[in-house]
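Here is what each chain is made of, one letter per residue.
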Amino acid sequence: MTQEATKNPTEYKSWMCLICGWIYSEAAGVPDEGIAPGTKWEDVPMNWTCPECGARKDDFEMVQV
Ligand SMILES: [Zn+2]
């Protein structure tokens, strides 16, 4: 398990909240929530919740944009 392997800027994904449809973009992050642009989904804190409805990460699903 090396950390360097995760830093490929072409592999950003988006994740959608299954409750309200809000989309988290790894490339954009959520600066207002303290999530810097480029933050990978797995690096988003486990206790982070959807800014719209409060759903947890478990309620998000990867989507193609
Ligand atoms: Zn939501």
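For the structure itself, look to the data block above.
A brief report on the enclosed structure follows. (Residues numbered from 1 in each chain as written. Predicted model: local features only at pLDDT ≥ 70, side-chain atom pairs only at ≥ 80, totals over all residues.)

On to the overall build of the protein chain, then. Tallying secondary structure elements over the protein chain gives zero helices and three strands in all. Written out in order from the N terminus, the α and β elements of the protein chain read β-β-β. Counting the 65 residues in the protein chain, one finds 9% classified as buried. Contacts spanning at least 24 positions in sequence make up 52% of the contacts within the protein chain whose residues lie at least 6 apart. (Helix = DSSP H or I, 4+ residues; strand = E, 2+ residues; numbered from the N terminus. Buried ≥ 20, exposed ≤ 12 C-beta atoms within 10 Å, placed from the backbone. Contact = placed C-beta atoms within 7 Å.)

Turning our eyes to something else, we now look at the pairing of strand β1 (residues 14-17). Sheet topology note: the β1/strand β2 (residues 23-25) ladder contains three bridges and is antiparallel. Within the sheet, the bridge partner assigned to Ser14 lies in β2 and is Ser25. Here β1 folds back onto β2, and the loop between the two strands holds five residues, one of which, Gly21, carries a positive phi near 90°. Pairing between β1 and strand β3 (residues 60-63): four bridges, direction antiparallel. The partner of Cys17 across the bridge, within β3, is Phe60. (Pairing = 2+ DSSP bridges.)

Its place among the elements puts Ala55 in the loop between β2 and β3. Among the residues examined, Ala55 registers 16 C-beta atoms within 10 Å and is labelled partly exposed. C-alpha separation for the pair Ala55 and Leu18, spaced 37 residues apart in sequence, amounts to 8.5 Å. Sequence-distant contacts of Ala55, that is, excluding residues within four places in its chain, are made with Cys17, Ile19, Thr49 and Cys50.

Taken in spatial order, the three strands line up as β2-β1-β3 in an open sheet, and their pairing is antiparallel. The two strands at the open ends of the sheet, each matched to only one other strand, are β2 and β3. In this sheet, adjacent strand axes meet at a mean angle of 30° when their direction is disregarded. (Axes fitted to C-alpha atoms, helices over the stretch in contact; angles between N-to-C directions.)

Okay, the environment of Gly38 next. Within the element layout of this structure, Gly38 appears in the loop between β2 and β3. As a C-alpha pair, Gly38 and Ala28 span 10 residues in sequence and 6.2 Å in three-dimensional space. The residues touching Gly38, leaving out its near neighbours within four places in the chain, are Glu26, Ala27 and Gly29.

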